[in-house]
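Observations on the model geometry
Given next are the chains, with one letter for each unit.
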Amino acid sequence: VMGVAYFTCPPQMGVFAQPGQVQASSTASTEVMEQTISQRAAYAEEASSNSSTSSSSTARAARSKEELARIPSNRRTANGSVSLGQRVSFGGKPGTVRYIGEVKFAAGEWVGLELTEATGV
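Residues numbered from 1 in each chain as written. Predicted model: local features only at pLDDT ≥ 70, side-chain atom pairs only at ≥ 80, totals over all residues. Heavy atoms only, no water.

1. Observations concerning the overall build of the protein
Helix and strand counts for the protein come out as two helices and five strands. Ordered by position in the sequence, the α and β elements of the protein form the string β-β-α-α-β-β-β. Across the 121 residues that make up the protein, the buried fraction comes to 37%. In the protein, once contacts between residues fewer than 6 apart in sequence are set aside, the share between residues at least 24 apart is 67%. Of the roughly 6,800 Å² that the protein leaves accessible, carbon and sulfur atoms contribute 52%. (Helix = DSSP H or I, 4+ residues; strand = E, 2+ residues; numbered from the N terminus. Buried < 20%, exposed > 50% of the residue type's maximum accessible area, 1.4 Å probe, protein only. Contact = heavy atoms within 4.5 Å. Areas by Shrake-Rupley, 256 points an atom, 1.4 Å probe, with all protein chains shown as cover.)

Below, the structure written as structure tokens:
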């Protein structure tokens with residue numbers, strides 16, 4: 001979103017919502033949380049090792065790595081209602097929390113979700 005990768009997921013499966021718009025389904029498992037953290041680390045590594053010869057591609061990869069380093073996900077929302085890796089529902093659609101924190105496109109705390117079906121953006 002706006003040049004920042006807050007989390008990775010297949011196309012059309014990612015959405016952002018405010019914590020109050022998300023209904024918890026169950027508590028997060030340690031395995032799912034670790035997988036989410038590993039995915040972010042893998043993405044940062046991929047962005048840093050982008051060997052494109054284009055200077056704009058190289059600059060974009062460097063910028064992406066820098067922004068990922070500055071925008072880490074929180075493990076829980078400020079009010080503790082949602083955890084990273086937790087199964088949730090948003091607008092009746094099930095998904096998994098992949099990011100919690102501030103974003104560049106709006107003020108406040110946001111939750112990044114990977115939906116189970118391709119209905120996002």
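2. A look at the confidence of the model for the protein
Parts of the model with low pLDDT should not have their predicted coordinates read in detail. Here the protein shows a mean pLDDT of 73. Residues at 70 or above account for 59%. Low confidence marks residues 27-33, where pLDDT is under 50. Its contacts with residues over four positions away, or in another chain, come to twelve contacts. In the predicted structure, residues 50-55 sits below a pLDDT of 50 and forms four contacts with residues beyond four places in sequence or in another chain. (pLDDT = per-residue confidence, 0-100.)

3. Observations concerning the sheet that holds strand β3 (residues 87-90)
An order of β1-β5-β4-β3-β2 is seen for the five strands of this open sheet, with the pairing classed as antiparallel. Two strands in the sheet have a free side with no partner beyond their single neighbour: β1 (14-17) and β2 (22-24). Averaged over neighbouring strand pairs, the angle between their axes works out to 45° when direction is ignored. (Pairing = 2+ DSSP bridges. Axes fitted to C-alpha atoms, helices over the stretch in contact; angles between N-to-C directions.)

4. Notes on the pairing of strand β4 (residues 93-102)
The buried fraction of β4 is high, at seven of ten residues. Two elements, β3 and β4, share four bridges in a ladder whose sense is antiparallel. The residue bridging S89 from the neighbouring strand is P94, located in β4. The antiparallel hairpin formed by β3 and β4 contains two residues in its connecting segment, where G91 sits at a positive phi of about 60°. As paired elements, β4 and strand β5 (residues 109-115) share seven bridges and run antiparallel to each other. If you follow T96 over to β5, its bridge partner there is E114. Connecting β4 to the next strand, β5, in antiparallel fashion are six residues, including G108 with a positive phi near 95°.

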